[in-house]
Structures are given as structure tokens and as C-alpha cells.
Amino acid sequence: MNDDDRTRALLHALDRLPGPHHLEHPDGFDRSAARFGATALRDRLTRDFGRPCSPDEGIQDASFSFRVDVPAEAPGAGLLLAVRLSNYGDLAAVTTPAPDSHDDLDDAVREGALSAADRVRITAALSRLGYRLVPQRLLRRRYDGATWLAAEDHATWWTRFFDHL
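Rules used in this analysis
- The residue numbers shown here count from 1 along each chain, following its written sequence.
- For a predicted model such as this one, the threshold for reporting local features is a pLDDT of at least 70, and the threshold for listing and counting side-chain atom pairs is 80 or more; totals across whole chains, interfaces and linings nevertheless cover every residue.
- Side-chain measures were taken over the full set of non-hydrogen atoms in the model, leaving aside hydrogen atoms and water.
- Note on aromatic contacts: the rings of Phe and Tyr and the six-membered ring of Trp form a pair at centre separations within 6.5 Å, being stacked when their planes are under 30 degrees apart, edge-to-face when over 60 apart, and tilted otherwise.
- Helix and strand definitions follow DSSP, with helices as H or I runs of at least four residues and strands as E runs of at least two, each counted in order from the N terminus.
- We call a residue buried when its accessible area falls under 20% of the maximum for its residue type, exposed when it is over 50%, and partly exposed in between, using a 1.4 Å probe and counting protein chains only.
- Strands are labelled as partners when DSSP assigns at least two bridges between them.

(A) Highlighting the packing of aromatic side chains. For the structure on display, the rule yields four aromatic pairs. For the ring pair Tyr88 and Phe161, a centre distance of 5.1 Å and an interplane angle of 70° mean the geometry is edge-to-face. Taken together, the residues span a long stretch of sequence, with Tyr88 in the loop between β3 (81–86) and β4 (91–95) and Phe161 in helix α6 (residues 157–162) at a distance of 73 residues. You'll find Tyr88 and Phe161 in the same group, each marked buried. Measuring from centroid to centroid gives 5.9 Å for Trp157 and Phe161, while their planes differ by 15°, and the two rings are stacked. Remark: Phe161 and Trp157 occur in helix α6; sequence separation between them is four residues, near one turn of the helix. Of the residues examined, Phe161 reaches a relative accessible area of 0% and is grouped as buried. Every member of this aromatic cluster is reached through a ring pair, and the members are Tyr88, Tyr143, Trp157 and Phe161.

(B) Spotlight on the pairing of β3. In terms of burial, β3 is largely enclosed, as six of its six residues are buried. With burial as the criterion, each face of β3 is covered, one bearing Leu81, Val83 and Leu85 and the other bearing Ala82, Arg84 and Ser86. Sheet topology places strand β2 (residues 64–70) next to β3; six bridges connect them, and they run antiparallel. Counted as the bridge partner of Val68 is Val83 from β3. The pairing of β3 with β4 spans four bridges and is classified as antiparallel. Paired with Ala82 across the strands is Thr95, a residue of β4. Between the antiparallel neighbours β3 and β4 lie four residues, among them Gly89 with a positive phi of about 55°.

So, in C-alpha cells, the structure goes:
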């Protein structure tokens, strides 16, 4: 089983966790622990990039609770990055607000939008703090999980674990 297959299996397993009907978080979700993790990530990225990274904690009605922004002047290529932290299983996703956003960090490096060193900074910080980075190519797939979202034509795995619901 390759890494994409393992990640898809993990997404399906997390999707079946018992939880409230609104899908924002599974039963037993610990918001304080999630805040602690988001703060640790913010501090780590601030140190690694040498610029203040800002957390967004005011997120509601979503399957993620926190976003940490890495300012455009911090990464070498001048690309604003946002790391979203899911309410499920310590999943993380990295996005760019650019209209021509990249499928994943490797694409951003290949296309010169992100330096390889900055990619390593982000992935190392996530890994050291226990987060699993989920590639955008998997999150953009149509959602075919166990919840009522499967009936929605527009729903993707991004919707399920990293978006407003």
C-alpha cells in the first residue's frame, strides 16, 4: 500500500468516527489540546521562518478549528501560505490564497512558487508536532464517505475535514 492509499484509508477511518450530526468534530474533540497544538505550530513556524506567523482561532461552523498563516515576506518565493488544522486526527493541509493555487507543496516547489528549503521547514514543523500533512490532490477528490455530505455534488474530502460546513 503506497502513502496515498494509506492516507485515503485514514480519511475514511476518521470519517466513520462517532460524532455530532453537524460534522464539525468527532465525539471527544479536545479544543484546548487543539489550541495548544496550533500555538506550538505558530511558534515553530515563526522561529523557522524568522517572521511572525499569525493564528486564526475564530473559526466556527467548520471541520477545522485553527489556521496558521505564514506571511508572504517570510517564505523565499514570496507566497502567502496557510496551514489548516483539522478537528480530526491531527490532519493538516497547506494552502495558498492565490487563484492559481498549487495542488501540493511539491508542485509549488517545481513551479518556483516555493523554495525547497521552505517546503522542508513546513513539513518538518508539522511532522515534529505530530500532524499528518494531507496533499491537496487527495483532498480535492469527490467525497465518497459515510456522512450525508456524500449526497452533495460539490463535496470533497477538503470539505469534510478542512472547510466551513
